Amino acid sequence: MHRRPRIPRAKAQPMEFLIISALNGVIYGLLLFMVSSGLTLIFGMMGVLNFAHASFYMLGAYIAYTIATTVDFWLGLLVAPILVGLLGIFIERYLLRRVHSHGHAHELLLTFGLAFIFEELIKLFYGDFPVNYAMPDYLRFAGFTIYGTDYPFYRLFIGFVAVAMFITLYLLLSRTRAGLVVRAAERLPAIAESLGHNVPFVFMGVFGTGAAFAGLAGAVAGAFFPTNPNMALELGVIVFVVVVVGGLGSLEGSLVASLLIGLFSSFAVGLDWSLAGLLSWVGLGDWARSVGGVFTLTLSSISGTVPFLLMLIVLLVRPAGLMGERN
Amino acid sequence: MLARVAAIGVVLAVLIAVPPLLGIGWQNAMTNMLIASLFAMAFNLLIGQAGLLSFGHAAFFGVGAFATLHLMLAIEDRSVSFSTPLLPLAGAAAGFVIGAFAGYFATIRSGVYFALVTLAVAELLHSLAPHWDGLFGGEAGLSSMRMPWGGLSFGSTLEVYYLALGWTALSILLLWAYTRTPFGRLTLALRDNEQRVRFMGYNAHATKVIVFAISAMFSGIAGALLAISNETANYSLFSLHVSAQVVLHTFVGGSTVFLGPVIGASVFTLFAFFVSDVTRSWLLYQGLVFVLIMLYAPLGIGGLVQAHMQHWSRLRWPDLAPAYALAGAVGACLTGAVVFLVEALQIVFSPEYAAARRRLDGAWPPIELFGLEWQVFSPVTWIVPSLLAAAGLLLLPHARRKLRESWDGVLERAEAERTAEPEPQLAGAVEP
């Protein structure tokens with residue numbers, strides 16, 4: 001089920017490891033950005049940390065899977081983001097707005113409950129196991145060959161979609177009138193409203209767009225990475241790390257943080273560094289190995305832990321994140 | 001007050017007297033109910049009293065469980081001698097220490113950022129535990145045995161149940177006593193207006209750290225009880241699902257009422273025991289109930305109960321009873337429709353059904369639901385839930401209006417009584 005290419009160990013081929021890991025890391029980072037951009041935009045505007053955001057990613061993958069197996073793969077890529085975007089609009093308009101007066105904690109709890117429901121609905125319809133969502137065979141070829149290893153074209157395609165999405169988003173926000181209103185509504189909602197702009201409508205639109213991007217990410221990436229009911233939870237916590245490290249509300253920050261986390265996860269799995277190894281530089285290696293425990297944990301085995309450590313450090317030292325302005 | 005004490009006494013008497021008459025499955029379910037209740041009460045000390053929303057309370061629950069298992073292992077190989085009924089003290093100590101440490105950092109931030117720090121702490125442990133054999137036993141986790149102590153074997157589920165009951169009752173009593181202390185009042189003040197607390201010269205951060213550590217300590221006791229009951233624990237105790245359950249229990253029960261979390265935890269764990277054999281969609285219903293409560297009754301079940309108790313003398317049952325009957329009918333119709341639909345879809349989309357279809361060369365076998373057989377493509381099958389849903393939706397606006405009207409009356413009477421009372425004279429006020 002896992003179609004991740006074999007990860008070369010660091011010692012075998014340093015250059016091969018370096019290049020392949022960097023490529024994988026950048027592309028995984030771009031995928032993270034597709035999901036986190038919507039989350040960070042929504043938080044910046046509405047102050048709502050949307051727990052259900054990664055569920056949009058999962059729903060996108062499952063909708064695209066359903067359409068790909070019954071009709072056509074490309075139609076799935078087109079329809080999934082639209083349906084997920086409409087769902088996002090519905091959630092903002094009819095559910096979130098209803099609890100808005102109870103405060104942010106309540107909105108957080110509501111999206112939390114929705115994430116719960118989406119996961120269970122997916123289990124209801126598709127079962128509690130991975131589904132076989134795969135790209136069409138004609139996309140299954142090597143983009144290029146490096147050090148005798150074929151690099152799958154589809155990975156490059158994921159990266160390409162993410163870059164296209166980022167450029168679209170950037171142009172929309174910085175070059176169009178609608179983008180101007182969105183930025184105004186984000187910065188000073190009360191003044192934008194008094195100037196005659198329909199701020200609740202803008203919020204709804206941004207929420208829907210963010211959801212649609214997450215749905216697109218799911219539709220594209222689900223065909224390469226495993227599509228299962230846990231994918232929302234697994235990606236969701238990493239996406240939280242990304243938006244926190246990048247700075248809640250900052251689009252550029254979330255791009256940088258996505259790439260950072262992507263590169264880190266991709267490199268860490270191939271490195272067997274440990275604290276004991278580090279201490280042996282100062283002659284304490286044997287002592288550390290005899291103590292064991294935390295000293296002999298290798299970086300590859302705790303690669304899942306480091307992002308959370310990073311998130312904790314950022315939250316405590318600089319809660320505005322790398323590029324956020326507000327606290 | 002007297003009525004409340006009497007009510008609690010009756011509940012306790014039932015909890016003591018009834019379990020010996022029940023089967024082991026029930027005793028186990030009730031033990032889990034007690035553990036979930038205690039965990040939710042500990043969690044609610046933070047959100048209900050101090051206004052801090054934690055999304056990582058599984059961390060302290062798990063730490064309590066692992067600490068207790070380490071002590072149990074030490075007792076087992078006779079390197080330590082410790083009485084079995086006092087084992088939860090290990091969980092309490094571990095929860096308190098880790099809670100004070102994590103709380104020190106978490107409470108530097110507030111709001112969403114606080115929630116994110118707690119989430120990160122739990123995820124940190126969750127991702128670290130499977131790789132750390134010495135402390136968390138790797139992916140398999142730790143297992144141990146309850147040792148007999150002082151004539152008690154602790155071999156039966158019933159003995160474990162009474163142990164859990166004792167610790168839960170004691171902990172809830174302590175939590176209640178806590179709310180009556182000056183420090184407990186200070187906790188409430190922190191929730192309501194932190195700035196003012198600071199101006200009055202209190203150290204807000206230190207206070208929050210202590211509250212956090214106490215909450216973690218009681219979570220640790222709950223985790224310890226789980227470890228004693230299951231005699232095993234692994235890294236999945238740290239997962240977001242555990243943190244999510246306690247949030248669900250607390251808010252469904254009502255976080256603004258002292259015993260609200262107990263209601264939520266008891267209802268959900270006992271329901272899970274009832275229906276988990278019958279349906280696989282239990283968690284879906286749980287999520288739906290949670291979202292509906294968030295949307296329509298933000299104070300939870302406990303909040304509804306409290307509203308009735310507060311206005312008891314002003315409730316006019318001739319008005320309310322028909323409104324409640326109608327609302328109950330609407331609820332029953334909609335619940336019936338949703339349950340029918342979910343269960344039918346669940347069967348049709350299950351792998352077993354797909355296998356049955358393959359055996360029948362693609363024909364659609366009937367599905368069994370509520371003791372009846374339903375044809376998948378027969379209109380009758382889908383008319384039943386549609387009729388229920390239509391009836392429910394048609395009557396829904398009517399029921400809501402009636403409910404609102406009768407409760408508006410109650411609130412009006414309360415308002416009238418309040419304004420009819422003379423203005424309280426300020427002591428020592430100077431007459432003009």
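Values in this document were obtained by computation on a predicted structure and should not be read as measured data. (Residues numbered from 1 in each chain as written. Chains lettered and ligands numbered in written order. Predicted model: local features only at pLDDT ≥ 70, side-chain atom pairs only at ≥ 80, totals over all residues. Heavy atoms only, no water.)

This model, assessed by the stated rule, comprises seven salt bridges over all chains. A salt bridge links Lys208(B) to Glu194(B); the nearest nitrogen and oxygen atoms lie 3.2 Å apart. Here Glu194(B) lies in helix 9 (residues 194-199) and Lys208(B) lies in helix 10 (residues 204-230), a separation of 14 residues in the sequence. Of the residues examined, Lys208(B) reaches a relative accessible area of 7% and is grouped as buried. Connected through salt bridges with shared partners, the residues Glu119(A), Glu120(A) and Lys123(A) form a single ionic network. (Salt bridge = Lys/Arg side-chain N within 4 Å of Asp/Glu carboxyl O. Helix = DSSP H or I, 4+ residues; strand = E, 2+ residues; numbered from the N terminus. Buried < 20%, exposed > 50% of the residue type's maximum accessible area, 1.4 Å probe, protein only.)

So, about helix 4 (residues 88-106) of chain B. For helix 4 of chain B, with 19 residues, the first-to-last C-alpha span of 25 Å sits near the 27 Å given by 1.5 Å per residue. What helix 4 of chain B keeps buried is the set Pro88(B), Ala90(B), Gly91(B), Ala92(B), Ala94(B), Gly95(B), Gly99(B), Ala102(B), Gly103(B) and Ala106(B). (Expected span 1.5 Å × (residues − 1).)

Turning our attention to the packing of aromatic side chains. Taken as a whole and judged by the stated rule, the model has 38 aromatic pairs over all chains. Here the aromatic rings of Tyr154(A) and Phe157(A) are separated by 5.4 Å at their centres, their planes lie at 45°, and the arrangement is tilted. One end of the pair, Tyr154(A), and the other, Phe157(A), are both in helix 5 (residues 153-175), three residues apart, so they sit about a helical turn from each other. Across the pair, exposure class does not vary: Tyr154(A) and Phe157(A) are buried alike. A centroid spacing of 6.0 Å and a plane angle of 75° characterise the contact between Tyr178(B) and Phe183(B), whose relative ring orientation is edge-to-face. Accessibility expressed as a relative area gives 25% for Phe183(B), which makes it partly exposed. Ring-pair connections join several aromatic residues into one group, and the members of that group are Tyr28(A), Tyr62(A), Tyr65(A), Phe73(A), Trp74(A), Tyr126(A), Tyr133(A), Phe153(A), Tyr154(A), Phe157(A), Phe224(A) and Phe225(A). If you follow Arg93(A) out to its NZ or CZ, it ends over the ring of Tyr94(A), 5.0 Å from the centre. (Phe/Tyr/Trp six-rings, centres within 6.5 Å; stacked < 30°, edge-to-face > 60°. Lys NZ or Arg CZ within 6 Å of the ring centre and 35° of its normal.)

So, about the packing of helix 3 (residues 73-99) of chain A against helix 4 (residues 104-126) of chain A. How two helices pack is summed up by the angle between their axes together with the distance between the axes. Residue and element names in this part refer to chain A. Here helix 3 crosses helix 4 at 140°, and the two axes come no closer than 10 Å. When the axes of helix 3 and helix 4 are compared, the pair comes out oblique. Relative to helix 4, helix 3 is oriented so that their crossing is right-handed. In contact with Leu87, Ile91, Leu95, Leu96 and Val99 of helix 3, helix 4 contributes His106, Glu107, Leu110, Thr111, Leu114 and Phe118. Grouping the constituent residues of the contact of helix 3 with helix 4 by class yields eight nonpolar, two polar and one charged. (Axes fitted to C-alpha atoms, helices over the stretch in contact; angles between N-to-C directions. Parallel < 35°, antiparallel > 145°, perpendicular 65-115°, else oblique. Left-handed = near helix turned anticlockwise from the far one by under 90°. Contact = heavy atoms within 4.5 Å. Nonpolar A, V, L, I, M, F, W, Y, C, P; charged D, E, K, R; others polar.)

Residues and elements named next belong to chain A. Looking at chain direction, strand 1 (residues 142-146) and strand 2 (residues 149-152) are connected through four bridges and run antiparallel. Directly across from Ile146, in strand 2, lies its bridge partner Thr149. Taken together, strand 1 and the strand that follows it, strand 2, pair antiparallel across an intervening segment of two residues, in which Tyr147 is found at a positive phi of about 50°. (Pairing = 2+ DSSP bridges.)

Residue and element names in this part refer to chain A. Structurally, Ala185 is set in helix 6 (residues 177-187). Looking at Ala185, the relative accessible area reads 1%, which means it is buried. Counting along the chain gives 30 residues from Ala185 to Gly215, while the straight-line C-alpha distance between them is 24 Å.

This part covers the domain arrangement of chain B. The assigned domain composition of chain B is domain 1 (12-240) and domain 2 (313-414). Distance from the C-alpha centre of domain 1 of chain B to the C-alpha centre of domain 2 of chain B: 38 Å. (Domains from an automatic or database assignment.)

With that out of the way, let us pick up the interface of chain A and chain B. Often the size quoted for an interface is simply the accessible area lost on bringing the parts together. Contacts between chain A and chain B engage 44 residues on the former and 42 residues on the latter. Of the roughly 4,100 Å² buried between chain A and chain B, counting both surfaces, carbon and sulfur atoms make up 82%. Of all residues in chain A, Leu109(A), Phe116(A) and Leu124(A) bury the most surface against chain B, accounting for 15% of the area lost on that side. There are four residue pairs in polar contact (both at pLDDT 80 or more) connecting chain A and chain B. Broken down by secondary-structure element, the contributors of at least two residues to the side of chain A that touches chain B are helix 3, helix 4, helix 9 (231-246) and helix 13 (306-317) of chain A. Looking at the side of chain A that touches chain B, the element that brings in the most residues is helix 4 of chain A, giving 15 residues. (Buried area = accessible area lost by both parts, 1.4 Å probe. Polar contact = N/O pair within 3.5 Å; in protein donor to acceptor, adjacent residues only side chain to side chain.)

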